[in-house]
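Descriptive analysis of the structure
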Amino acid sequence: NAGVTQTPKFQVLKTGQSMTLQCAQDMNHEYMSWYRQDPGMGLRLIHYSVGAGITDQGEVPNGYNVSRSTTEDFPLRLLSAAPSQTSVYFCASSRGPGGYEQYFGPGTRLTVT
Amino acid sequence: GIQVEQSPPDLILQEGANSTLRCNFSDSVNNLQWFHQNPWGQLINLFYIPSGTKQNGRLSATTVATERYSLLYISSSQTTDSGVYFCASPEGGGNKLTFGTGTQLKVEL
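First, a word on scope: everything that follows refers to the structure included in this document.

Quick notes on the rules
- Residues numbered from 1 in each chain as written.
- Chains lettered and ligands numbered in written order.
- Predicted model: local features only at pLDDT ≥ 70, side-chain atom pairs only at ≥ 80, totals over all residues.
- Heavy atoms only, no water.
- Helix = DSSP H or I, 4+ residues; strand = E, 2+ residues; numbered from the N terminus.
- Rg over C-alpha atoms; globule rule 2.2 N^0.38 Å.
- Buried < 20%, exposed > 50% of the residue type's maximum accessible area, 1.4 Å probe, protein only.
- Contact = heavy atoms within 4.5 Å.
- Areas by Shrake-Rupley, 256 points an atom, 1.4 Å probe, with all protein chains shown as cover.
- Lys, Arg positive; Asp, Glu negative; His and termini not counted.
- Charge placed at Lys NZ, Arg CZ, Asp CG, Glu CD.
- Disulfide = S-S within 2.5 Å.
- Pairing = 2+ DSSP bridges.
- Polar contact = N/O pair within 3.5 Å; in protein donor to acceptor, adjacent residues only side chain to side chain.

Remarks on the overall build of chain B
- Of regular secondary structure, chain B possesses 0 helices and 11 strands.
- Reading chain B from its N terminus to its C terminus gives the helix and strand order β-β-β-β-β-β-β-β-β-β-β.
- A globule of 109 residues ought to have a C-alpha radius of gyration of about 13 Å, and chain B, at 13 Å, matches this closely.
- When its C-alpha atoms are laid out on the principal axes, chain B stretches across 40 × 25 × 20 Å.
- Scored against the burial criterion, the 109 residues of chain B give a buried share of 47%.
- Here the contacts in chain B between residues at least 6 apart in sequence split such that 55% fall between residues at least 24 apart.
- A total of about 5,100 Å² of accessible surface is found on chain B, and carbon and sulfur atoms cover 47% of it.
- Computing the positive centroid from 6 side-chain charges and the negative centroid from 8, chain B places the two 5 Å apart.

Okay, structure coming up:
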């Protein structure tokens, strides 16, 4: 199993550009989530999904969109990038919500200039 | 929402030393997890420990849910233990996993 994969590993955007961070898992997990990690802030939940077609907001959802058309994929979209979105983004999956072991992808380091 | 405090924020150890990391929660603890983020950024789940004590090699964890804290013990530390240790718990046992700010550990030769 590849586990949780994320692409790209690194990305530089200009303010106002849009892009999609990709996340895929091959463990048939129902629950997937996106976090951002900023220095001194730990990880904060952006959006999550409890299954295909079902998504919900986390702690810091503004400026991000998600969709879940398949069990395997959970892309994160930045519609109009801002410097405040410079961060490291992690995707995670688990068999269920917070009470199950979470598996993390390798992360995407995003810089917005 | 739930507040998660970790201590100490930074720790430097000589190889072979033991250490204890602490995680305090402002609300009831449910399904607490400990993670290690290595120097390359990869996050690894160490323990899922809603209560009691678990051991995995040189690492062990204890959660006292009624007193809203958890401890992570590292014995005979090695340089490969370096990185950041996070604890996390879902709010109300639901979908939103809240992380602490982490303990940065450096193990030196």
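Section: the state of the cysteines
- As enumerated under the stated definition, the model contains 2 disulfides over all chains in all.
- Across the disulfide, A:Cys23 is cross-linked to A:Cys91 (sulfur-sulfur distance 1.8 Å). The chirality of the disulfide connecting A:Cys23 with A:Cys91 is left-handed, given an S-S dihedral of about -70°. Here A:Cys23, found in strand β3 (residues 19-25), pairs with A:Cys91, found in strand β9 (residues 87-94); they are 68 residues apart in sequence, far enough to count as distant. The two residues A:Cys23 and A:Cys91 agree in class, both being buried.
- Between B:Cys23 and B:Cys87 runs a disulfide, and the two sulfur atoms are separated by 1.8 Å. Disulfide B:Cys23 to B:Cys87: torsion about the S-S bond roughly 75°, handedness right-handed. Taken together, the positions of B:Cys23 in strand β3 (residues 19-25) and B:Cys87 in strand β9 (residues 83-90) put the pair 64 residues apart, joining distant regions of the chain.

Regarding the pairing of β3(B)
Residues and elements named next belong to chain B.
- Only one face of β3 is buried, namely the one carrying Ser19, Leu21, Cys23 and Phe25, since none of Thr20, Arg22 and Asn24 on the opposite face is buried.
- Pairing of strand β1 (residues 4-7) with β3, which is carried by 4 bridges, proceeds in the antiparallel orientation. Within β3, the position partnered with Val4 by the bridge is Phe25.
- With 6 bridges connecting them, β3 and strand β8 (residues 69-74) associate as antiparallel partners. Looking at the pairing, Ser19 lines up with Ile74 of β8.

As for the side chain of B:Asn31
- Relative to the elements of secondary structure, B:Asn31 occurs in the loop between β3 and β4 (33-37).
- At 2.9 Å, the side chain of B:Asn31 forms a polar contact with the side chain of B:Tyr48.

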